[in-house]
Amino acid sequence: MRGRTVVLVTAAVLIAVFLAVNWRPLATPLSLSFLFWKTEIPVGLAILGLLGLAAIAFAVSVSLWQRSVLAEYRRQAKDLETQRALAASAEASRFTELSALLRSEIAGLDQRLTGAIEALRVEVRQTENSIAATLGEMDDRMQRGSLPPR
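Residues numbered from 1 in each chain as written. Predicted model: local features only at pLDDT ≥ 70, side-chain atom pairs only at ≥ 80, totals over all residues. Heavy atoms only, no water.

This brings us to the overall build of the chain. In terms of helices and strands, the chain carries 3 helices and 2 strands. Start at the N end of the chain and walk to the C end: the helices and strands fall as α-α-β-β-α. For the chain, whose C-alpha radius of gyration is 50 Å, the value lies well above the compact-globule estimate of 15 Å for 150 residues. Once the C-alpha set of the chain is aligned to its principal axes, its extents read approximately 155 × 35 × 10 Å. When the 150 residues of the chain are sorted by exposure, 3% land in the buried category. (Helix = DSSP H or I, 4+ residues; strand = E, 2+ residues; numbered from the N terminus. Rg over C-alpha atoms; globule rule 2.2 N^0.38 Å. Buried < 20%, exposed > 50% of the residue type's maximum accessible area, 1.4 Å probe, protein only.)

Written out as structure tokens, the structure reads:
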């Protein structure tokens, strides 16, 4: 049991014991005035009636408080959900932005790689032409016999 329940049950038991012990004086009828009328009722019944009215007033007060707390909870939950949706949207936006940045970087790297490969091809062709020219020159010298001995 929770603490509140234990306190309420204990209070109810103590009140019941008090009423049982003092039943005879509480059941004695008395003349009571309620401002606009007078009546003769047992004191215990009047006390129980007032206790009942106090309990009803307390229950109404608690229910109004609980309703306001519940409304505040719902408002905060709605605000929290709005903030979560906003954060999710921002996160998706960041991912989209990061994806676009990566694509542009990859495209730039691809262009640089294509340029480097093309420069390497030009260099290889130039080297190939240079080697071919050197080999042609050596072949000419060998055919003319003008190579100096080693």
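Attention now moves to the pairing of strand S2 (residues 38-42). Strand residues, when the strand is regular, have side chains that alternate between the two faces of the sheet. Direction of pairing for strand S1 (residues 29-33) relative to S2: antiparallel, over a ladder of 5 bridges. Pairing of Ser-33 across the sheet is with Lys-38, part of S2. Between the end of S1 and the start of S2, which pair antiparallel, lie 4 residues, with Leu-35 showing a positive phi angle near 65 degrees. (Pairing = 2+ DSSP bridges.)

Another point: the pattern of salt bridges. For the structure on display, the rule yields 6 salt bridges. For Glu-137, the salt bridge is made with Arg-141, and the minimal N-O distance between the two is 3.0 Å. Taken as a pair, Glu-137 and Arg-141 lie in helix H3 (residues 43-144) at a separation of 4 residues, close to a single helical turn. Residue classification places Glu-137 among the partly exposed positions, given a relative accessible area of 43%. By relative accessible area, which is 36% here, Arg-141 ends up partly exposed. Each of Glu-72, Arg-75 and Asp-79 takes part in salt bridges that share partners, so that together they form one network. (Salt bridge = Lys/Arg side-chain N within 4 Å of Asp/Glu carboxyl O.)

The next point concerns the confidence of the model for the chain. Detailed reading of predicted coordinates is not advised where the pLDDT is low. In the predicted model, the chain carries a mean pLDDT of 89, and the fraction of residues at 70 or more is 96%. When pLDDT is averaged over each element of the chain, H3 comes out on top at 92 and helix H2 (residues 23-26) at the bottom at 83. (pLDDT = per-residue confidence, 0-100.)

All right, on to a nonpolar patch on the surface then. Taken together, the side chains of Leu-50, Leu-53, Ile-56, Val-60 and Leu-64 make up a nonpolar region of the molecular surface, amounting to roughly 500 Å² of accessible area. Of note, Leu-50 is situated in helix H3. The exposed category is assigned to Leu-50, whose relative accessible area is 58%. (Patch = residues over 30% accessible without salt bridge, like charges linked within 9 Å, V, L, I, M, F, W, Y side chains within 5 Å. Areas by Shrake-Rupley, 256 points an atom, 1.4 Å probe, with all protein chains shown as cover.)

This part covers H3. Spanning 102 residues, H3 covers 147 Å between terminal C-alpha atoms, matching the ideal 152 Å at 1.5 Å per step. The first or second residue beyond H3 is Gly-145, which carries a positive phi of 75 degrees. (Expected span 1.5 Å × (residues − 1).)

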